[in-house]
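# Summary of structural features
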Amino acid sequence: MNILSVLIVGSPLIAVSGVPIAAHHPAPMLVTDAPLQLIDDVDFTTRKDAYLQKSRTEMDEWRNKIHGAGESAEAKGHEVSASAKAHLNHTWTATQRYWRKLQTESAEGWDKTRNAYERSTAELRQQWHRVHPEDQD
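Residues numbered from 1 in each chain as written. Predicted model: local features only at pLDDT ≥ 70, side-chain atom pairs only at ≥ 80, totals over all residues. Heavy atoms only, no water.

### Side note on the confidence of the model for the protein chain
On average, residues of the protein chain score 77 in pLDDT, and 61% of them reach the 70 mark or higher. Ranking the elements of the protein chain by mean pLDDT puts helix 1 (residues 3–17) last with 55 and helix 4 (residues 107–131) first with 93. (pLDDT = per-residue confidence, 0-100. Helix = DSSP H or I, 4+ residues; strand = E, 2+ residues; numbered from the N terminus.)

Structure, rendered in structure tokens:
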């Protein structure tokens with residue numbers, strides 16, 4: 001019996017036996033609704049908690065600094081341009097918003113939100129030094 005006749009006669013038997021035939025059964029597709037886990041949840045949670053603790057300390061320092069400066073400026077009669085003060089307040093509000101978002105962010109959006117928070121903090125520092133050039137810490 002030649003090979004061709006074995007393939008012709010044998011193919012139906014293989015199909016009936018339940019053994020998949022490669023030509024007729026492509027590889028199963030990946031399930032697209034299943035979440036793709038790129039980062040180990042425990043590792044992400046640990047890194048996120050550490051970053052949030054550090055940022056919480058930083059936010060507390062900024063809150064004290066900004067509220068203290070307002071009281072100090074009023075007591076000393078320190079005049080700040082309305083525009084500079086408005087920009088500082090706007091930047092502080094944005095920084096607070098990004099910090100709150102960091103606390104609830106998932107692994108997928110973490111880097112984007114963390115970068116936005118860090119840019120906002122850098123802008124806050126810059127605005128602070130424009131309004132308070134004497135405070136160069």
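Now that the structure has been shown, we can carry on.
### With respect to the packing of helix 3 (residues 82–104) against helix 4
Closest axis-to-axis distance for the helix 3/helix 4 pair is 9 Å, and the angle between their directions is 155°. In terms of axis orientation, helix 3 runs roughly antiparallel to helix 4. Crossing handedness for the pair helix 3 and helix 4: left-handed. Contacts from A84, H87, L88, T91, W92, A94, T95, Y98, W99, K101 and L102 in helix 3 reach W110, T113, R114, A116, Y117, S120, T121, E123, L124, Q127, W128 and V131 in helix 4. (Axes fitted to C-alpha atoms, helices over the stretch in contact; angles between N-to-C directions. Parallel < 35°, antiparallel > 145°, perpendicular 65-115°, else oblique. Left-handed = near helix turned anticlockwise from the far one by under 90°. Contact = heavy atoms within 4.5 Å.)

### Observations concerning the side chain of S55
Note on placement: S55 falls in helix 2 (residues 41–76). There is a polar contact of 2.8 Å between the side chain of S55 and the side chain of W99. Other than its neighbours up to four places away in sequence, S55 contacts W99 and Y117. (Polar contact = N/O pair within 3.5 Å; in protein donor to acceptor, adjacent residues only side chain to side chain.)

### Some thoughts on the environment of W62
The residue W62 is located in helix 2 in this model. Take W62: its relative accessible area is 6%, and that puts it in the buried class. The sequence separation of W62 and Q96 amounts to 34 residues, and the corresponding C-alpha distance is 10.0 Å. For W62, the contacting residues outside a window of four places in its chain are W92, T121, L124, R125 and W128. (Buried < 20%, exposed > 50% of the residue type's maximum accessible area, 1.4 Å probe, protein only.)

### Side note on the pattern of salt bridges
Under the criterion given, the structure shown has five salt bridges. Put simply, D43 and R47 hold a salt bridge, and the shortest N to O gap is 3.5 Å. Highlighted residues: D43 and R47, both in helix 2, separated by four residues, approximately one helical turn. Overlapping salt bridges, with partners in common, bring together D111, R114 and E118 in one network. (Salt bridge = Lys/Arg side-chain N within 4 Å of Asp/Glu carboxyl O.)

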